[in-house]
Amino acid sequence: NAGVMQNPRHLVRRRGQEARLRCSPMKGHSHVYWYRQLPEEGLKFMVYLQKENIIDESGMPKERFSAEFPKEGPSILRIQQVVRGDSAAYFCASSPLGHGGEQFFGPGTRLTVL
Amino acid sequence: QQQVKQSPQSLIVQKGGISIINCAYENTAFDYFPWYQQFPGKGPALLIAIRPDVSEKKEGRFTISFNKSAKQFSLHIMDSQPGDSATYFCAAFNNAGNMLTFGGGTRLMVKP
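Q: Give me the interface of chain B and chain A: which residues, what numbers.
A: In this assembly, 19 residues from chain B lie in contact with 23 residues from chain A. Taken over both partners, the interface formed by chain B and chain A buries close to 1,500 Å², and the fraction arising from carbon and sulfur atoms is 55%. In this structure, the connection of chain B to chain A is made through zero salt bridges. Where chain B touches chain A, the interface holds five residue pairs in polar contact (both at pLDDT 80 or more). Broken down by secondary-structure element, the contributors of at least two residues to the side of chain B that touches chain A are β4 (33-38), β9 (86-93) and β10 (100-102) of chain B.

Q: Go over the state of the cysteines with me, naming the residues and quoting the values.
A: Joining two cysteines, a disulfide is a covalent bond between their sulfur atoms. With the rule as written, the count across this model stands at two disulfides over all chains. A sulfur-sulfur separation of 1.8 Å characterises the disulfide bridge that pairs C23 of chain A with C92 of chain A. For the disulfide bridge between C23 of chain A and C92 of chain A, the dihedral angle about the S-S bond is near -50°, and by the sign convention the bridge is left-handed. In this pair, C23 of chain A sits in strand β3 (residues 19-24) while C92 of chain A sits in strand β9 (residues 88-95), placing the two residues 69 residues apart along the sequence. With a sulfur-sulfur separation of 1.9 Å, C23 of chain B is cross-linked through a disulfide to C90 of chain B. Across the disulfide from C23 of chain B to C90 of chain B, rotation about the S-S bond amounts to roughly -95°, and the bridge is consequently left-handed.

Q: Quick one: what's the story with the side chain of N27 of chain B, residue by residue and with numbers?
A: Residues and elements named next belong to chain B. Summarising the element assignment, N27 is placed in the loop between β3 (19-25) and β4. N27 gets classed as buried once you look at its relative accessible area, which sits at 11%. In this structure the side chain of N27 is engaged in a polar contact, spanning 2.9 Å, whose partner is the backbone nitrogen of A29.

Q: Go over the packing of aromatic side chains, please, and point to the residues and values.
A: Aromatic ring pairs: the centre-centre distance and the angle between the two ring planes describe each pair. Applying the stated criterion across every chain, the model contains 17 aromatic pairs over all chains. Relative to F73 of chain B, the ring of W35 of chain B has its centre 5.7 Å away and its plane inclined at 70°; by these criteria the two rings are edge-to-face. Taken together, the residues W35 of chain B in strand β4 and F73 of chain B in strand β8 (residues 72-77) connect sequence positions 38 residues apart. Among the aromatic residues, those joined into a cluster by ring pairs are Y35, F45 and F105 of chain A together with Y36, F89 and F102 of chain B.

Q: Residues and numbers for the sheet that holds strand β1 (residues 5-7) of chain A, please.
A: Residues and elements named next belong to chain A. Taken in spatial order, the four strands make up an open sheet running β1-β3-β8-β7, and their pairing is antiparallel. Each edge of the open sheet is held by one strand with a lone partner, namely β1 and β7 (65-68). In this sheet, neighbouring strand axes are inclined to one another by 15° on average, regardless of whether the strands run parallel or antiparallel. Where β7 meets strand β8 (residues 75-79), four bridges bridge the pair, whose relative direction is antiparallel. Within β8, the position partnered with E68 by the bridge is I76.

Reading the values: the criteria
The residue count restarts for each chain, going from 1 along the sequence in the order it is written. Here the convention is simple: chains get letters from A, ligands get numbers from 1, in the order in which they are written. For a predicted model such as this one, the threshold for reporting local features is a pLDDT of at least 70, and the threshold for listing and counting side-chain atom pairs is 80 or more; totals across whole chains, interfaces and linings nevertheless cover every residue. Just so you know, side-chain values use all the structure's heavy atoms and leave hydrogens and water out. Only heavy atoms matter for contacts: two residues are in contact if any of them lie within 4.5 Å across the pair. By definition, the buried area sums, over both parts, the 1.4 Å-probe accessible area that each loses when the two are put together. Note on definitions: salt bridges are taken to be side-chain nitrogens of Lys or Arg within 4 Å of carboxyl oxygens of Asp or Glu. A 3.5 Å cut-off defines polar contacts: any pair of N or O atoms within that distance qualifies, except that in protein one atom must be a possible hydrogen donor and the other a possible acceptor, and neighbouring residues in sequence count only when both atoms are side-chain atoms. Helix and strand assignments come from DSSP, with helices taken as H or I runs of at least 4 residues and strands as E runs of at least 2, each series counted from the N terminus. Whenever a pair of cysteine sulfur atoms sits within 2.5 Å, that pair is classed as a disulfide. Only protein chains enter the accessibility calculation, which uses a 1.4 Å probe; a residue whose area is less than 20% of its type maximum is buried, one above 50% is exposed, and one in between is partly exposed. Aromatic rings from Phe, Tyr and Trp, with only the six-membered ring used for Trp, were paired whenever their centres fell within 6.5 Å, and each pair was classed as stacked if the ring planes differed by under 30 degrees, edge-to-face if by over 60, and tilted otherwise. One requirement defines pairing of two strands: DSSP has to find at least two bridges between them. Helix axes use the C-alpha atoms of the stretch in contact, all axes being lines fitted to C-alpha atoms, and the angles between their N-to-C directions lie in the range 0 to 180 degrees.

Put into structure tokens, the structure is as follows:
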């Protein structure tokens with residue numbers, strides 16, 4: 001029973017490039033959440049998705065950031081025109097239907113912007 | 001009102017001792033309180049969780065104490081071991097909010 005999978009684990013981008021982070025939820029989980037963690041800080045909510053729907057994107061910056069969870073395939077967090085301040089660990093979590101608080105996290109993608 | 005405050009920021013405990021981490025919240029709509037353990041370079045792992053209708057939950061060496069009137073909850077790690085050295089995060093969830101709100105984390109070091 002595989003857990004939440006994220007790839008890549010590490011991603012290096014130069015300023016102005018695009019970053020694409022992928023997340024496959026646990027089997028049987030229909031809810032996906034993305035969080036960002038800055039060094040030495042707690043996790044901050046970005047966006048909550050179900051298949052083909054963005055439910056809550058209140059924590060996501062209005063510009064350059066977007067997320068999707070298509071009918072087939074993994075959830076994607078996309079950051080356009082990255083800046084140094086985007087350097088962080090990005091974690092995806094999934095939960096089963098009806099148990100939104102029971103979130104299981106992936107290993108994260110560590111984004112470094114040069 | 002969505003904030004969760006966690007203390008201490010760091011904690012050093014001798015092997016065999018009790019580690020205690022505290023959290024406080026303001027939003028009375030929170031209805032689920034998990035604790036996560038995170039090792040360097042890894043994702044947070046769900047450790048133990050509690051709902052506000054009980055005052056205590058124990059799983060092995062880990063116990064959550066919950067005080068609904070004070071809006072506080074704490075994690076106790078009994079017989080702390082060097083392998084418990086990690087960062088611990090408390091969190092809170094309410095169905096209307098769709099998200100976990102995390103405390104700032106406590107870096108625990110258990111000395112052999």
